[in-house]
Amino acid sequence: MADAALVEQMLSTPERAAAVAKGGARDARFRALTFSAALVVVLVFIGVMASLIDGAMPAIRAFGWSFITSTAWNPVTEKFGALPSIYGTLVTSFLAMLLAVPIGIGIAIFLTEICPRPLRRPIGTAIELLAGIPSIIYGIWGLFIFAPWFQVHVQTPFVDAVADIPYLQDIFGGPPYGIGLFTAALILSIMILPFISSVTRDVFETVPPMLKEAAYGLGCTTWEVMWRVVLPFARTGVVGGAMLALGRALGETMAVTFVIGNDHHIHESLFAPATTISASIANEFTEAVGDLYTPALIELGLILFFVTFVVLAGAQLMLYALERRAGGAS
Amino acid sequence: MSVVNSGLYMRRKFRSTALLTLSVVAAVFGIDWLFFILGALFYNGFTSLDLKVFTSMTPPPGDDGGLANAIFGSVVMSGLAVLLATPIGLLAGTYLAEYGRYGRLAFFVRFVNDILLSAPSIITGLFIYVLVVYQTPASYGTKLCTAVLGSNCFMGHFSAVAGVLSLMVIVIPVVVRTSENMLLLVPNGLREAAAALGAPRSSVIRTVTWRAARAGIVTGVLLAVARISGETAPLLFTALNNNFWSTDLSQPIASLPVVIYLYATSAYEYWHRLAWAGALLITATVLTISIIARLLQPKRS
């Protein structure tokens, strides 16, 4: 006791008190600094919303809710509607997901179960690297290499083949341009593929080996283990990853802009040119003149932001829940 | 008849083999596309690449030229964006990992940051467009900017500054996310040991945790560089383009992605060649940076 009191007395010198006070003041300043940096992030988010609403205001006032349901797009008469762009965005993203999710999960199964062990890391790394390739690269490849090839070797024979079949002739009819809605969806699916497969593989690897071994021990085949044990366990992560990919597909600009043809009409045929929200903005923004053209394009951006926000927020909340579960389990 | 040869067993085994084969096919199919793209890019890129690409300016129609001003513009804008955004991102990540942690506000910041991280980059471009480019001479922002910077004011028109700002909006969330993750990997024992020596918390963070997480933070910054070096959409309506060598940040400036976009969609064959050369340069940069980042990345437990 006496020792403790002595130490206490030795420590409570004026120098120490000054040092503690100085340290405390520095702490408070530093904390405030990091706090304001965190606030910057929130301010940017609020700024994005506010500036989009502000920039779109003239169009919102002029068209109201009819902007979303109108198919008009006439810069000369200043009549604008978002429906063709929304339609293009939703259809290309839907088709891209339809193709990329099964193939991406297939790649993940291949990488976690089938691929010879020495090849797993190199192939996995290659796929992750490809996920980082800028979208403009996919765009330029789509325009110069894929679209011409697709036009000659797939579209033309396919259009001929379905020419007399009811329904199909409408969905896949029309002149084969090479570029169009379907081409954009294909490029988009190739683009989000590495993303989906690397997220899915990561989630598959979190499945405890014990669970799989138990299933194998009961006599399950490899497929049954994947389908009934691994996938249900990894469900939240796979869906969250797929939704992140959907968010990416919805907002993807350059890969789509190059190959979609920028046509503000809704065509029955999937091979016909179309447009998406982001492609309309990228294609027309710098040429937009007049009081309503630019605001209409910004309002398109606002709609895109809203849609991707809903998708991404859902994805994030699912992934947070997953993290909490993983944290609790370990 | 043994169990192994029963119909049910054979059916299950067949089903498993068939579906696994299908997933191999999916993998081969999916990975092939990615290699086709890289193959076409390297072939067209290397056949279009020559010294003039690095030394000449972007040409007007009908003329010969290179990409020198676009390369310069990309390097300047990406460099400035990373330089300015990294401190903000690092500090915000520090708040989340060291101070906020489980608080309500930290949860909200984390959520908003993750949304910004995956929000479409074209939205970022629109944001800075409205904030900077769309301003009229009469707006308060423009008046303030003119008062401070004089004739160098960047408000009210396309400029390199606007391009830098839009890239910063992309860099900040990436750095926040990675630095938070990396700081959380630092063992608490280190913090406690430093605190027990009597170091104030801010010194603990600056001299111990940041240092311990340095490799990871550098990785995050590199990933952010890789991410923005191919960004086109946000630059289209902020920095626009410039056919001349420009070092004035208050004026429009060329960048590789925008030049690739404009040239690839043009009707001229030699512009297409330049677009391929630029695409190769960007991809090579992104791949190199990503590989370096991967080598630096600390092993996760």
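Calculation rules
Residues numbered from 1 in each chain as written. Chains lettered and ligands numbered in written order. Predicted model: local features only at pLDDT ≥ 70, side-chain atom pairs only at ≥ 80, totals over all residues. Heavy atoms only, no water. Helix = DSSP H or I, 4+ residues; strand = E, 2+ residues; numbered from the N terminus. Rg over C-alpha atoms; globule rule 2.2 N^0.38 Å. Buried < 20%, exposed > 50% of the residue type's maximum accessible area, 1.4 Å probe, protein only. Contact = heavy atoms within 4.5 Å. Areas by Shrake-Rupley, 256 points an atom, 1.4 Å probe, with all protein chains shown as cover. Lys, Arg positive; Asp, Glu negative; His and termini not counted. Charge placed at Lys NZ, Arg CZ, Asp CG, Glu CD. Salt bridge = Lys/Arg side-chain N within 4 Å of Asp/Glu carboxyl O. 1 Å grid on protein atoms, 1.4 Å probe; cavity = no way out; pocket = protein on both sides within 12 Å on 5 of 7 lines; lining within 4 Å. Points joined across faces, edges and corners; volume = space filled by probe spheres on them. Nonpolar A, V, L, I, M, F, W, Y, C, P; charged D, E, K, R; others polar. Buried area = accessible area lost by both parts, 1.4 Å probe. Polar contact = N/O pair within 3.5 Å; in protein donor to acceptor, adjacent residues only side chain to side chain. Patch = residues over 30% accessible without salt bridge, like charges linked within 9 Å, V, L, I, M, F, W, Y side chains within 5 Å. Phe/Tyr/Trp six-rings, centres within 6.5 Å; stacked < 30°, edge-to-face > 60°. Lys NZ or Arg CZ within 6 Å of the ring centre and 35° of its normal.

A. Fine view of the overall build of chain A. For chain A, the helix and strand inventory stands at 13 helices and two strands. Relative to the 2.2 N^0.38 estimate, which gives 20 Å for 330 residues, the radius of gyration of chain A is 27 Å and therefore markedly larger than a compact globule would have. For chain A, the spread of C-alpha atoms along the three principal axes comes to 100 × 65 × 35 Å. Burial analysis of chain A (330 residues in total) assigns 52% to the buried set. Long-range pairs, those at least 24 residues apart, make up 73% of the contacts in chain A between residues at least 6 apart in sequence. Counting every atom, chain A has about 15100 Å² of accessible surface; 68% of that belongs to carbon and sulfur. Separation of charge centres in chain A, based on 17 positive and 23 negative side chains, amounts to 14 Å.

B. Local environment of the pattern of salt bridges. According to the stated counting rule, one finds eleven salt bridges over all chains in the structure shown. Salt-bridge contacts for Glu180(B) lead to Arg110(B); the nearest nitrogen and oxygen are separated by 3.0 Å. Here Arg110(B) lies in helix 4 (residues 104-118) and Glu180(B) lies in helix 7 (residues 160-185), a separation of 70 residues in the sequence. Judged by its relative accessible area of 3%, Glu180(B) falls in the buried class. The closest approach of N and O atoms between Asp114(B) and Arg177(B), which form a salt bridge, is 2.8 Å. Highlighted residues: Asp114(B) in helix 4 and Arg177(B) in helix 7, separated in sequence by 63 residues. Comparing Asp114(B) with Arg177(B), the two get one shared label, buried. Residues joined by salt bridges that share partners form a network here, namely Glu128(A), Arg201(A), Asp202(A) and Arg294(B).

C. Representation of the layout of surface pockets in the model. Residues and elements named next belong to chain A. Looking at the second largest pocket, its volume works out to about 420 Å³. Taken together, 15 residues line the second largest pocket, and the ones lying closest to its centre are Trp65, Ile68, Leu302, Ile303 and Phe306. When residues of the lining of the second largest pocket are traced back to their parent elements, those giving at least two are helix 2 (14-63), helix 4 (83-114) and helix 13 (293-329). Of all the elements, helix 13 adds the most residues to the lining of the second largest pocket, at seven residues. For the lining of the second largest pocket, the class distribution of residues is 13 nonpolar, one polar and one charged.

D. The arrangement of unusual backbone geometry in detail. Residues and elements named next belong to chain A. A positive phi angle is found at Glu78, which is not glycine, with a value near 55°. Inspection of the secondary structure assignment puts Glu78 in the loop between strand 1 (73-74) and strand 2 (79-80). The phi angle at Asn262 is positive, at roughly 45°, despite the residue not being glycine. Tracing the backbone through its elements, the reader meets Asn262 in the loop between helix 11 (254-260) and helix 12 (277-284). The exposure class assigned to Asn262 is partly exposed, which follows from its relative accessible area of 26%.

E. Broad picture of the interface of chain A and chain B. Listed by partner, the interface residues are 80 residues for chain A and 80 residues for chain B. Surface buried jointly by chain A and chain B totals about 7200 Å² across both partners, of which 82% is contributed by carbon and sulfur atoms. Together, Phe30(A), Val41(A) and Trp223(A) form the three largest contributors to the area buried by chain A at its contact with chain B, with a combined 9%. Across the chain A-chain B interface, the total number found is two salt bridges. With a closest N to O distance of 2.8 Å, Arg12(B) and Glu224(A) form a salt bridge. Linking chain A to chain B there are nine residue pairs in polar contact (both at pLDDT 80 or more).

F. Quick look at empty space enclosed by the protein. Here the structure, examined in full by the defined rule, presents three cavities of 30 Å³ or more. The computed volume of the largest cavity comes to approximately 100 Å³. Lining of the largest cavity is provided by Val48(A), Phe305(A), Leu116(B), Leu117(B), Ala119(B), Pro120(B), Ser121(B), Ile123(B), Thr124(B), Val169(B), Ile170(B) and Arg227(B). Going through the elements one at a time, helix 4, helix 5 (121-133) and helix 7 of chain B are the ones with two or more residues in the lining of the largest cavity. The dominant element in the lining of the largest cavity, judged by the number of residues it contributes, is helix 5 of chain B, at three residues. In terms of residue class, the lining of the largest cavity is made up of nine nonpolar, two polar and one charged.

G. Highlighting a nonpolar patch on the surface. On the surface, Phe35(A), Leu39(A), Leu105(B) and Phe108(B) cluster together into a nonpolar patch covering about 300 Å² of accessible area. Listed by contribution, the elements that provide at least two residues to the nonpolar patch are helix 2 of chain A together with helix 4 of chain B. Along the chain, Phe35(A) turns up in helix 2. When its relative accessible area of 31% is taken as the criterion, Phe35(A) is described as partly exposed.

H. Here's a closer look at the environment of Tyr87(A). All names here are of chain A. Inspection of the secondary structure puts Tyr87 in helix 4. Exposure remark for Tyr87: the relative accessible area of 27% places this residue in the partly exposed category. Spatially, the C-alpha atom of Tyr87 lies 24 Å from that of Phe195, the residues being 108 residues apart in sequence. The residues contacting Tyr87, other than those within four sequence positions of it, are Leu181, Ile266 and His267.

I. Here's a closer look at the packing of aromatic side chains. Considering all chains together, one arrives at 39 aromatic pairs over all chains under this definition. Both rings, one in Phe45(A) and one in Phe309(A), keep their centres 5.8 Å apart while their planes meet at 40°; by these two values the pair is tilted. Of this pair, Phe45(A) sits in helix 2 while Phe309(A) is found in helix 13, placing the two residues 264 residues apart along the sequence. Overall, Phe45(A) belongs to the buried group, its relative accessible area being 7%. Residue Phe309(A) is classed as partly exposed on the basis of its relative accessible area, which comes to 25%. Among the aromatic residues, those joined into a ring-pair cluster are Trp141(A), Phe146(A), Trp149(A), Phe150(A), Phe158(A), Phe172(A), Phe182(A), Phe271(A), Phe29(B), Trp33(B) and Phe36(B). Here the guanidinium or amino end of Arg248(A) rests over the ring plane of Phe195(A), the centre of that ring lying 5.1 Å away.

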